[in-house]
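The primary structure of each chain is shown beneath.
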Amino acid sequence: MRYFSIIKSALLLSLLFLTTSCKQQDDVVVLRMGHTLDMEHSVHKAMVHMADKLREYSNGTMEIKIYPNAQLGTEREMVELLQIGSLAMTKVSAAAIEGFVPDMKVYSVPYLFQSREHRWNVLQGPVGQQLLDSTRKARFVGLGYYDSGSRSFYMTKTKVEQPKDLSGQKIRVMESQMAVKMIDAFGGAATPISFGELYAALQQGVVDGAENNPPSFYLSRHYEICKYYVLNEHTSIPDVILGSAHIYDGLNEEQQGWLKQAIEDSIELQKQLWLAGELEALAEVEKAGVQVIYPDKTPFLQAVKPFHKSFDGTLIGDYLADISKLAETQSNLDKPSSIQQAKVQP
């Protein structure tokens, strides 16, 4: 079924390419970018900003055409289109490309970052760039990161304040080995279910809870069923802006420079939009009667220390060591959550 969907997307893009190729006399390079989100999402708005800035920097000689709402397929399908050069760019969760780029597994390790500042120091520093560069072996070009916040638990009936409260609880996770191992470390029962089926699964008691960032919790309306949201912020898996190596390498150095600058501009805007969206989501779910809990993160971190230790002597372990070196001197585990800190910023 997925094969036919990929072929359908490839044919659509091929047709669009043929149509646009007639405009080469105008010396305009059109880059097509797809994503699965709606047009009100911070990612789409950031991509629109990217397109505007690229047009400005290139003096109208380069454009980005955006296809939102999964018009060109799922995240995986668009990633596969990048590999064959039928799509120029997309946005994908780092967790979704672990199968293509094993290095990206490091972003699914719980409590990888101590704070929002630590996270961005890593993502926009040498380690983050090294991980972006690792996508080359899968015929991608890692172009940057968008903020996807931190994932926390939300429960239908159980108030979770420490890992032992998760004992025996069925928790929905993404289809990721790392996610399953994390829930096992907390004492819960990991239950992989697609996001589209989760509302019914929560409603029918198939699972007792799930985990995600505040905007996803709010926009999915899972707060209608889950009355406890525990901001333990166990993982902060970024979104990756991926390009097709085939298409990117076909641009000249000046064009690549314009594109990189436009992407950097869009990243800064998306950071601001994401943070505003997080605060709005929390305000709305609290208004709807959800109890938002800010637990002590120390017991959660202690519970996954053996999980961290299991990576010693591996590629992921080397990344963990490098990321740890970039942490702030003072631990943030006893400080307010990233979202609490954001609420008091001017």
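Residues numbered from 1 in each chain as written. Predicted model: local features only at pLDDT ≥ 70, side-chain atom pairs only at ≥ 80, totals over all residues. Heavy atoms only, no water.

**Observations concerning the overall build of the protein chain**
Helix and strand counts for the protein chain stand at 13 helices and 11 strands. Of all 346 residues assigned to the protein chain, the portion counted as buried reaches 53%. Here the contacts in the protein chain between residues at least 6 apart in sequence split such that 76% fall between residues at least 24 apart. Carbon and sulfur atoms make up 52% of the accessible area of the protein chain, which totals about 15700 Å². (Helix = DSSP H or I, 4+ residues; strand = E, 2+ residues; numbered from the N terminus. Buried < 20%, exposed > 50% of the residue type's maximum accessible area, 1.4 Å probe, protein only. Contact = heavy atoms within 4.5 Å. Areas by Shrake-Rupley, 256 points an atom, 1.4 Å probe, with all protein chains shown as cover.)

**As for helix α6 (residues 177-186)**
Inspection of α6 places Met 178, Ala 179, Met 182, Ile 183 and Phe 186 among the buried residues, and these make up the whole buried set. For α6, the buried positions fall inside an angular range of 135° around the axis, keeping them on one side. Looking at the buried residues of α6, the elements they touch are β5 (151-155), β6 (170-173), β7 (189-192), β8 (209-212), β9 (228-235) and α11 (298-309). Gly 187, located one to two residues past α6, shows a positive phi value of around 95°. (Arc of directions from axis to C-beta.)

**Regarding helix α5 (residues 126-133)**
Within α5, burial applies to Val 127, Gly 128, Leu 131 and Leu 132. Across the axial projection of α5, the buried residues extend over an arc of 140°, all falling on one side. Considering only its buried residues, α5 is in contact with α4 (116-123), β4 (140-146), β10 (239-244) and α12 (315-325).

**Some details on the sheet that holds β10**
As summarised here, the arrangement of the 5 strands in space is β2-β1-β3-β10-β4, forming an open sheet in which the pairing is mixed. The open sheet is flanked by β2 (62-67) and β4, the only strands paired with a single partner. For this sheet the average axis-to-axis angle between neighbouring strands, irrespective of direction, equals 25°. Bridge analysis of strand β1 (residues 29-34) against β2 gives 6 bridges, and the strand direction is parallel. Among the inter-strand pairings, Met 33 is bridged to a residue of β2, identified as Ile 66. On the sheet, α5 packs against β4 and β10 and is oriented at approximately 140° with respect to β4. (Pairing = 2+ DSSP bridges. Axes fitted to C-alpha atoms, helices over the stretch in contact; angles between N-to-C directions.)

**Thoughts on the layout of surface pockets**
A volume near 1500 Å³ is recorded for the largest pocket. Glu 75, Ser 93, Arg 172, Met 174 and Phe 195 are the residues nearest the centre of the largest pocket, which is lined by 38 residues in total. Every element with two or more residues in the lining of the largest pocket is listed here: α3 (75-83), β3 (89-93), α6 and α8 (214-219). Class assignment for the residues of the lining of the largest pocket results in 12 nonpolar, 15 polar and 11 charged. (1 Å grid on protein atoms, 1.4 Å probe; cavity = no way out; pocket = protein on both sides within 12 Å on 5 of 7 lines; lining within 4 Å. Points joined across faces, edges and corners; volume = space filled by probe spheres on them. Nonpolar A, V, L, I, M, F, W, Y, C, P; charged D, E, K, R; others polar.)

**Some points on the side chain of Ser 236**
By secondary structure assignment, the location of Ser 236 is in the loop between β9 and β10. For Ser 236, a relative accessible area of 10% puts it in the buried group. Residues within four places of Ser 236 in sequence aside, it is in contact with Tyr 107, Phe 113, Arg 119, Gly 149 and Ser 150.

**A look at the packing of α5 against α12**
In the contact formed by α5 and α12, the axes pass within 10 Å of each other and the chain directions differ by 150°. With respect to α12, the axis of α5 lies roughly antiparallel. Where α5 abuts α12, its residues Val 127, Gln 130 and Leu 131 lie against Tyr 319, Asp 322 and Ile 323. A per-class count over the contact of α5 with α12 returns 4 nonpolar, 1 polar and 1 charged. (Parallel < 35°, antiparallel > 145°, perpendicular 65-115°, else oblique.)

**Looking at unusual backbone geometry**
A positive phi angle is found at Ala 70, which is not glycine, with a value near 55°. Inspection of the secondary structure puts Ala 70 in the loop between β2 and α3. For Ala 70, a relative accessible area of 33% corresponds to the partly exposed category. Despite not being glycine, Arg 221 shows a phi value in the positive range, around 65°.

**Re the pairing of β3**
Of all 5 residues in β3, 5 are buried; the element is thus mostly enclosed. Across 2 bridges, β1 lies against β3 in parallel orientation. Within β3, the position partnered with Gly 34 by the bridge is Thr 90. Pairing between β3 and β10: 5 bridges, direction antiparallel. Following the sheet pairing, Thr 90 is matched in β10 by Leu 242.

**What to know about the packing of aromatic side chains**
This model, assessed by the stated rule, comprises 9 aromatic pairs. Ring geometry for Phe 100 versus Phe 140: centroids 5.9 Å apart, planes at 65°, classification edge-to-face. Remark: Phe 140 occurs in strand β4 and Phe 100 occurs in the loop between β3 and α4; sequence separation between them is 40 residues. With a relative accessible area of 0%, Phe 140 lands in the buried category. Every member of this aromatic cluster is reached through a ring pair, and the members are Phe 153, Phe 186 and Phe 300. Taking the ring centre of Trp 120 as reference, the NZ or CZ of Lys 271 above it sits at 4.3 Å. (Phe/Tyr/Trp six-rings, centres within 6.5 Å; stacked < 30°, edge-to-face > 60°. Lys NZ or Arg CZ within 6 Å of the ring centre and 35° of its normal.)

**Description of the pattern of salt bridges**
Tallying each qualifying case throughout the model produces 18 salt bridges. Here Arg 151 ties to Glu 211 by a salt bridge, and the two come within 2.9 Å at their closest N and O atoms. Of this pair, Arg 151 sits in strand β5 while Glu 211 is found in strand β8, placing the two residues 60 residues apart along the sequence. Residue Arg 151 shares its accessibility class with Glu 211, and that shared class is buried. (Salt bridge = Lys/Arg side-chain N within 4 Å of Asp/Glu carboxyl O.)

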